[in-house]
Amino acid sequence: MDARPTAFVVAPLRLARVAAVLLWRRRWRILAVLALLGVGLYLAIPWLLGPIVTTQPVVRGVLVQSVVASGRIATPHRVNIGSQITGTVASVPVTEGQAVALGQVLVTLEDSELRASVEQAEAAAAQAAARLRQIVEVTLPVAQENLSQAQSTLLNAQQQYSRAESLRSGGFETQAQLDNARRALNIAQAQVRAAQAQVAGNAPGGTDHVAAEAALRQARASLLVALSRLDYTQIRALEAGTLIARNVERGWVVQPNQVLMVLSPIGQIEIVVQIDEKNLGLIAIGQRAVASADAYPNRRFPAELAYINPSVDPDRAAVEVKLRVPAPPDYLRQDMTVSVDIAVAERADALVLPVSAVRDAAGPTPWVLRIEEGRARRRTVTIGLRGPQRVEILDGLREGDLVVPSSVAVADGGRVRPEAAR
């Protein structure tokens, strides 16, 4: 029997065993080679196909361009509160930072002496009023009665004189009797004139009546002065607002022109900010804004641009701007730091792109890397409105274009694998 087929079968098995032994002995080298091949392939894929890039799409939407600045809360004016008289402070029922109402008592002065002056003035006014009433109700009627009586006496004296004169011409009366009748007539006439003068003086418009009225007016004026000085002991708030300063304590002696408190009127709040002069051409009176206090960043409130200073501060290259706050929140305080976002322009249907996708956005020739057939191509763009996070693209891109963010380092013409932003 021929043994050759057995030899042909055994030889490959031996070769397989030898190969297996050789592979086992060189297994680490083989694994290293395979690992190197895997790493090379992993590194070669991005080089061949480009890195995976999360792209920014060009879309249409509403874009609002705004100017952002920080400033402080201020009031158009502050009210300095002081005393109109010299006095000793009896009490101070308010504290610094307290909200006060119109007419609320802020400081009370010692008033015992002024109360005595008021009582004295009231008594003088009552006495003057009684004097005028006495003239009207007593003196004038008595004078009128005296005048009536004097006129009757005069009439009788005239009749007696006429009789005596007739009898004297007939020889029945002596000269002495006629002289007595003439004397009685003169006295009666004098009494009538005196009574008439008394009536005229006490009648309305007469000297005594006018003097009594003047005395009453003077007494009442003195009473008003005393009451006013007494009222000065109660220093009140002339406007509703918040006390931002208090410089008085109980027992102090205060004088006129001394500032005791400072009041910030309520409802008259504005924001004073400094705008970079490069933005001067963007702002205008009446523009809407949104503000927030640094202490309450999540509580935003509306404002409106109301004033632009006509001059520029050369040291800071800024313009002072004031914004009116129509409905100030209750947490706002004088000199509080706030941030404002002034809307200077708005486009309803703009082609927009995130600012992070535009390179050299503040330069003269901004550009982007637009993805074209798997490669990043440099394209110059024209920017319109600029928002805090997005810009308007006027030229250079179309809606739906994908742009590489500026944070990704990709060369012009380099391959990329675009991935949509999530």
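For every chain, the first residue of its written sequence is number 1, and the numbers climb from 1 along that sequence. Local features in this predicted model are restricted to residues whose pLDDT is 70 or higher, and side-chain atom pairs enter the listing and the counts only when it is 80 or higher, whereas totals over whole chains, interfaces and linings include all residues. Values shown for side chains rest on all heavy atoms present in the structure; no hydrogens or waters enter the calculation.

Participant: Can you explain the sheet that holds strand S4 (residues 87–91)? Please cite residues and give values.
Facilitator: Reading across the sheet, the four strands line up as S7-S6-S4-S9 and stay open at both edges, with antiparallel pairing between neighbours. Bordering the open sheet on either side are strand S7 (234–236) and strand S9 (253–254), each of which pairs with just one other strand. Two strands are counted as paired when DSSP detects at least two bridges linking them. Strands here are runs of E lasting at least two residues and helices are runs of H or I lasting at least four, both read from the DSSP assignment and numbered beginning at the N terminus.

Participant: Lay out the pattern of salt bridges with the relevant residues and their values.
Facilitator: Criterion for a salt bridge: a side-chain nitrogen of Lys or Arg within 4 Å of a carboxyl oxygen of Asp or Glu. Applying the stated criterion across every chain yields a total of 13 salt bridges. Glutamate 270 serves as the salt-bridge partner of lysine 322, at 3.9 Å between the closest nitrogen and oxygen. Placement of the pair is lysine 322 in strand S14 (residues 318–324) and glutamate 270 in strand S11 (residues 270–276), with a sequence separation of 52 residues. Only protein chains enter the accessibility calculation, which uses a 1.4 Å probe; a residue whose area is less than 20% of its type maximum is buried, one above 50% is exposed, and one in between is partly exposed. Accessibility expressed as a relative area gives 25% for lysine 322, which makes it partly exposed. Overall, glutamate 270 belongs to the buried group, its relative accessible area being 16%. With a shortest N-O distance of 3.0 Å, arginine 324 and glutamate 304 are connected by a salt bridge. Here glutamate 304 lies in strand S13 (residues 296–308) and arginine 324 lies in strand S14, a separation of 20 residues in the sequence. Note on glutamate 304: relative accessible area 31%, which makes it partly exposed. Here the salt bridges do not stand alone but share partners, grouping Arg370, Glu372, Arg379 and Asp401 into one network.

Participant: Pulling in residues and values, what's your account of helix H5 (residues 207–231)?
Facilitator: Along an α-helix, residues three or four positions apart point the same way, because every turn accommodates 3.6 residues. One less than the number of residues in a helix, times 1.5 Å, gives the span that helix is expected to have. The first and last C-alpha atoms of H5 sit 36 Å apart over 25 residues, in line with the 36 Å expected at 1.5 Å per residue. For H5, the set of buried residues is His209, Ala212, Leu216, Ala219, Leu223, Ala226 and Leu230.

Participant: An account of the packing of aromatic side chains is requested, with residue identities and associated values reported.
Facilitator: When two rings of Phe, Tyr or Trp (its six-membered ring) have centres within 6.5 Å they constitute a pair, described as stacked for plane angles under 30 degrees, edge-to-face for angles over 60, and tilted for the intermediate range. Counted according to the given criterion, the structure contains one aromatic pair. For the pair tyrosine 296 and tyrosine 331, a centre-to-centre distance of 4.4 Å together with 45° between the ring planes defines the contact as tilted. Of this pair, tyrosine 296 sits in strand S13 while tyrosine 331 sits in the loop between S14 and strand S15 (337–354); the two residues are 35 residues apart in sequence, bridging distant segments of the chain. Judged by relative accessible area, which is 7%, tyrosine 331 ranks as buried. Over the face of the ring belonging to tyrosine 307 we find lysine 322, whose NZ or CZ atom lies 5.3 Å from the ring centre. Over the face of the ring belonging to tryptophan 367 we find arginine 378, whose NZ or CZ atom lies 3.9 Å from the ring centre. Two conditions define a charge sitting above a ring: the NZ of Lys or the CZ of Arg must be within 6 Å of the ring centre, and it must be within 35 degrees of the ring normal.

Participant: Can you break down the environment of alanine 143 residue by residue, with the values?
Facilitator: Checked against the element boundaries, alanine 143 lands in helix H3 (residues 112–169). Between the C-alpha atom of alanine 143 and that of glutamine 198, which follows or precedes it by 55 residues, the distance is 5.8 Å. It only takes one pair of heavy atoms within 4.5 Å for two residues to be counted as in contact. The contact partners of alanine 143, leaving out residues within four places of it in the chain, are Ala195, Gln198 and Val199.

Participant: Go over the layout of surface pockets with me, naming the residues and quoting the values.
Facilitator: In this analysis the probe radius is 1.4 Å and the grid spacing 1 Å, with only protein atoms considered; a cavity is a set of points the probe fits into but cannot get out of, a pocket is an open set with protein on both sides within 12 Å along at least five of seven lines, and lining residues have an atom within 4 Å of a point. Grid points are joined across faces, edges and corners, and a volume is the space filled by probe spheres set on the points. Computed from the structure, the largest pocket encloses a volume of approximately 360 Å³. Lining the largest pocket are 20 residues, and of these Thr242, Ile269, Asp330, Leu332 and Arg333 lie nearest its centre. Looking at the lining of the largest pocket, the elements with two or more residues in it are strand S8 (241–246) and strand S10 (259–265). Counting residues per element, the lining of the largest pocket draws most heavily on S8, at four residues. Class assignment for the residues of the lining of the largest pocket results in ten nonpolar, eight polar and two charged. Approximately 160 Å³ is the volume attributed to the second largest pocket. Forming the boundary of the second largest pocket are Gln65, Ser66, Val67, Val68, Asp276, Lys278, Asn279, Leu282 and Arg386. Put simply, Ala, Val, Leu, Ile, Met, Phe, Trp, Tyr, Cys and Pro go in the nonpolar bin, Asp, Glu, Lys and Arg in the charged bin, and everything else, Gly too, in the polar bin.

Participant: Can you lay out the pairing of S15 for me, pointing to particular residues and giving the numbers?
Facilitator: With 13 bridges joining them, strand S2 (residues 59–74) and S15 adopt antiparallel strand pairing. Paired with leucine 63 across the strands is arginine 347, a residue of S15. Pairing of strand S12 (residues 288–293) with S15, which is carried by five bridges, proceeds in the antiparallel orientation. Across the sheet, residue valine 290 finds its bridge partner in S15, namely aspartate 341.

Participant: An account of the sheet that holds strand S3 (residues 79–82) is requested, with residue identities and associated values reported.
Facilitator: In spatial order, the strands read S3-S10-S8-S5; together these four strands make up an open sheet with antiparallel pairing. The sheet terminates laterally at S3 and strand S5 (99–100), the two strands that pair on one side only. For S5 and S8, the ladder comprises two bridges, and the chain directions are antiparallel. Bridge pairing in S8 links valine 100 to glycine 241.

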